[in-house]
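Overview (structure and organization)
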Amino acid sequence: MTTHAPVDLERRNSLRWALGLSLGTVLPPLAGCNDGSSGRATEDTLPTPLTLASSNGKLSLDLTARYSSQPLTIAMAQDPAYPGVAKSVATTLRNYNGQYLAPTFILNQGDTLAINLINALPPNVPNQSSVEYLNFQNSTNLHFHGLHVDPREFPAGIFGDYVVDMADAGVFPGATRKHELHIPDDHTAGINWYHPHLHGSSNGQVSSGMFGAILIRDKNDKFITSPDIRERVIFVHKVNLNKDGKTESFYDTITTATSAFLLNGAYQPTIVMRPGEVQNWHFVNSASFYPFNPVLDDHTLLNYAKDGNPFDQKFKPIDKATSTQFGNQQWPGNAIYPGGRHSVIVKASEVPGTYYLRSVQAPSSESKDEIVARIVVEGVPIGTAIPSPANLPRYADHAPITDQELASHGGKQRNLVLAIVKYPDDRLAKPIPAGEDWFIPAKDDIKGFTDNVFASGTVGAKLSPFQSSLTVTQTVALNAVEEWTIENMNEYPHPFHIHINDSYVIKVNGEPVTPFWADVLPVPIWDKATNRNGSITFRMRFTDFIGRFVWHCHALDHEDLGMMQLVEVK
Ligand SMILES: [Cu+2]
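Since the model is a prediction, treat every value here as computed from it, not as a measurement.

With that settled, the discussion passes to the overall build of the protein chain. What the protein chain contains, in helices and strands, is five helices and 34 strands. Relative to the globule expectation of 25 Å for 570 residues, the C-alpha radius of gyration of the protein chain, 22 Å, shows essentially globular dimensions. Projected onto the principal axes, the alpha-carbon positions of the protein chain cover approximately 70 × 55 × 50 Å. Counting only residues that meet the buried cut, the protein chain has 61% of its 570 residues in that class.

What follows is the structure, encoded as structure tokens:
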């Protein structure tokens, strides 16, 4: 990968101070090394997160959750036209380090990431909800989505990728938590991200803007070698603002109108490329519910990694034709569901002009086509070669999981299901545990959510929501290899996510697909005509780490309402 000289010392030192950065380096924005002599007339307006890199194997910093105020230009309609109708809104939102865009961390394999998570949010507001566990909107914690690291608090007081907090615990306003993560020497190179994961407050906090990227580098990675290839982290996000420009409560996240997509906080920004230029984009969907299904007019996006997992030395081309089709299935497998990441190579047309990046409607999606960015191709042509997919790195722990390996490592099969059911329903476990509110009461007047129970469970057994229970529902032996099938009882492709270990997808609706590694999987929807649940089947290696972590729906509103369960590896 490209390396860059650090920014000048004075600026770096003041940034270090402002960031509470004790070990590590502030890098200039991720970029290729085009020097401005390219004859560009148009300004590139896609915001760039600050980039912090490890030095001597360590990145150590304070990450402070607090409110900050900034104007955001947002549009409420998903506009298929450019420019869309947008307005500037004064917002006051929870985010990290007082910036709408949190820093990107760059780490090498084998590095240590030490974070002092400081909760500088104001006290929790009592009685925002009659559902007790939704009253901790300013308590928080931290998840490192996509990292294969220790999930425990070990030793005492030092937290790994630990999210096993009760809703009324976690990191309270005024409290701090120390995280220390050791990235394995053979960790996959690619895009991951960090965000809060406290049951009940994750949707409000992530919606507000509490998220940032983590790029893992592999020094032996030969895929991108040209310094002319600009790398960009692109968070695709939607906001839910109340009349005061805030996202205060869980209710604000589901009872206010959802904005059109913002890219790194900007509405329909302009990305400038030279004719023939190659760029490397990492899309991260940090929206709560909606898929991002990218199509660039007159171009093919060369998808080379899903969820930070490089494909097996080939590209998956993304264009209008592939946006609704996955193999022979009508399944939104090419769309980026909440939590998911696509890394793509894009080579600008040789023909100067304006092209539009769209999020097009995915199968089984409520979203509409919208223009999310303008791509202006201008200036002096540059004939950058497309990196060869034959150079995509391979990792031993992401080798295909064969039938033989599965059989020789336990090979347990589990059938799980994600479900929203209307209360009461015989499929739900009964009775309702004392003191647990299982569903949104009608008196809270939440359109569409009243009496819905957001649950999950084992196929053939009763369903239950997570709520405040920290009961382990699946126990796995360390080093086991298992095959899990996740079913979906609804008409929304709940994006299944499991922490710590990646999934090797082998089947969709029981039909074999070209296998691939992922950590966010939209599960095909329930089929009305045949009354059959949709399903996805994958294999997992439970290597390296014991401890408790979660699997859940990454539509964070569903997660907060209970569509989550605990797994323990021991
Ligand atoms: Cu869901």
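On to the sheet that holds strand S30 (residues 511–518). Strand order across the open sheet formed by six strands is S25-S24-S27-S32-S29-S30, with mixed pairing between neighbours. Because the sheet does not close on itself, it has two edges, and the strands there are strand S25 (452–458) and S30. For this sheet, the mean inter-axis angle between neighbouring strands, taken without regard to orientation, is 20°. Pairing of strand S27 (residues 481–488) with strand S32 (residues 534–541) involves eight bridges; the strand directions are antiparallel. The residue bridging Thr485 from the neighbouring strand is Thr537, located in S32.

Turning our eyes to something else, we now look at the pattern of salt bridges. Pairs may arise between side chains of opposite charge once their charged atoms sit close together. Tallied over the full model, the rule gives 18 salt bridges. Here Lys238 ties to Glu370 by a salt bridge, and the two come within 3.4 Å at their closest N and O atoms. Here Glu370 lies in strand S23 (residues 370–377) and Lys238 lies in the loop between strand S13 (230–237) and helix H3 (250–255), a separation of 132 residues in the sequence. Just as Lys238 is buried, Glu370 falls in that class too. One salt bridge in this structure joins Asp307 and Arg341, with 4.0 Å as the shortest N-O distance. With Asp307 in the loop between strand S18 (301–306) and strand S19 (309–310) and Arg341 in strand S21 (residues 341–347), this residue pair connects regions lying 34 residues apart in the sequence. On the basis of relative accessible area, Arg341 is assigned to the buried category, the value being 0%. Among the ionic contacts, a cluster of salt bridges with common partners joins Lys306, Asp307, Arg341 and Asp519.

In this structure the tally under the stated criterion is 21 aromatic pairs. Aromatic side chains Phe289 and Tyr290 sit 5.2 Å apart centroid to centroid with 85° between the ring planes, which places their arrangement in the edge-to-face category. With respect to burial, Phe289 and Tyr290 carry one shared label: buried. Ring centres of Phe289 and Tyr492 lie 4.2 Å apart, and the angle between their planes is 10°; this geometry places the pair in the stacked category. Linking Phe289 in the loop between strand S16 (278–285) and strand S17 (294–296) with Tyr492 in the loop between S27 and strand S28 (495–498), this pair joins segments that are 203 residues apart in sequence. Assessed through its relative accessible area of 10%, Tyr492 is described here as buried. Through a chain of ring-to-ring contacts, three or more aromatic side chains come together here, namely Trp484, Phe496, Phe538, Phe542 and Trp551. Positioned over the ring face of Phe159 is Arg177, at 4.0 Å from the centre of the ring. The ring of Phe261 carries Lys238 above its face, with NZ or CZ at 4.3 Å from the centroid.

Of all the six residues making up strand S34 (residues 564–569), six are buried; the element is thus mostly covered by neighbouring parts of the structure. Neither face of S34 is left uncovered, since the one carrying Met564, Leu566 and Glu568 and the one carrying Gln565, Val567 and Val569 both have all their residues buried. Note: strand S33 (residues 547–553) against S34, six bridges, orientation antiparallel. Counterpart to Arg548 in the pairing with S34 is Glu568.

What follows concerns the environment of Pro363. Its place among the elements puts Pro363 in the loop between strand S22 (353–359) and S23. Its relative accessible area of 11% is what places Pro363 among the buried residues. When the C-alpha atoms of Pro363 and Leu93 are compared, they prove to be 32 Å apart, with 270 residues separating the residues in sequence.

Before going further, it helps to examine the confidence of the model for the protein chain. Taken as a whole, the protein chain shows an average pLDDT of 91; of its residues, 90% reach a score of 70 or greater. This model gives residues 1–7 a pLDDT under 50, and the stretch forms 20 contacts once residues within four places in sequence are excluded. Across residues 33–37, where pLDDT falls below 50, the model places nine contacts with residues more than four positions away in sequence or in other chains.

Right, let's get into the sheet that holds strand S26 (residues 472–476). Strand-to-strand pairing in sheets goes through backbone hydrogen bonds, with the strands running parallel or antiparallel. As summarised here, the arrangement of the five strands in space is S26-S34-S33-S28-S31, forming an open sheet in which the pairing is mixed. Taken across any chain shown, the strands that pair with only one partner, and hence form the sheet edges, are S26 and strand S31 (520–522). Averaged over neighbouring strand pairs, the angle between their axes works out to 25° when direction is ignored.

As a further point, take the nonpolar core. By size, the foremost hydrophobic cluster in this structure holds 71 residues, and its most contacted members are Trp281, Trp484 and Phe496. Sort the elements by how many residues they give to this core and S23 lands first, with four residues. Among all residues touching Trp484, those that are not within four sequence positions of it are Arg414, Leu416, Val476, Phe496, Ile498, Ile536, Thr537, Phe538, Met540, Phe542, Trp551 and Val567. Counting 27 residues, the second largest nonpolar core, distinct from the first, contains Ile115, Leu142, Val149 and Val171.

Time to look at the environment of Ile234. With respect to the helices and strands, Ile234 occurs in strand S13. A sequence separation of 47 residues divides Ile234 from Trp281, and the C-alpha atoms of the two residues are 6.9 Å apart. Aside from chain neighbours lying at most four places away, what touches Ile234 is Leu46, Leu263, Asn264, Trp281, His282, Phe283 and Val284.

Thresholds, definitions, all that
Residues numbered from 1 in each chain as written. Predicted model: local features only at pLDDT ≥ 70, side-chain atom pairs only at ≥ 80, totals over all residues. Heavy atoms only, no water. Helix = DSSP H or I, 4+ residues; strand = E, 2+ residues; numbered from the N terminus. Rg over C-alpha atoms; globule rule 2.2 N^0.38 Å. Buried < 20%, exposed > 50% of the residue type's maximum accessible area, 1.4 Å probe, protein only. Pairing = 2+ DSSP bridges. Axes fitted to C-alpha atoms, helices over the stretch in contact; angles between N-to-C directions. Salt bridge = Lys/Arg side-chain N within 4 Å of Asp/Glu carboxyl O. Phe/Tyr/Trp six-rings, centres within 6.5 Å; stacked < 30°, edge-to-face > 60°. Lys NZ or Arg CZ within 6 Å of the ring centre and 35° of its normal. pLDDT = per-residue confidence, 0-100. Contact = heavy atoms within 4.5 Å. Core = buried A, V, L, I, M, F, W, Y, C linked by side-chain atoms within 4.5 Å.

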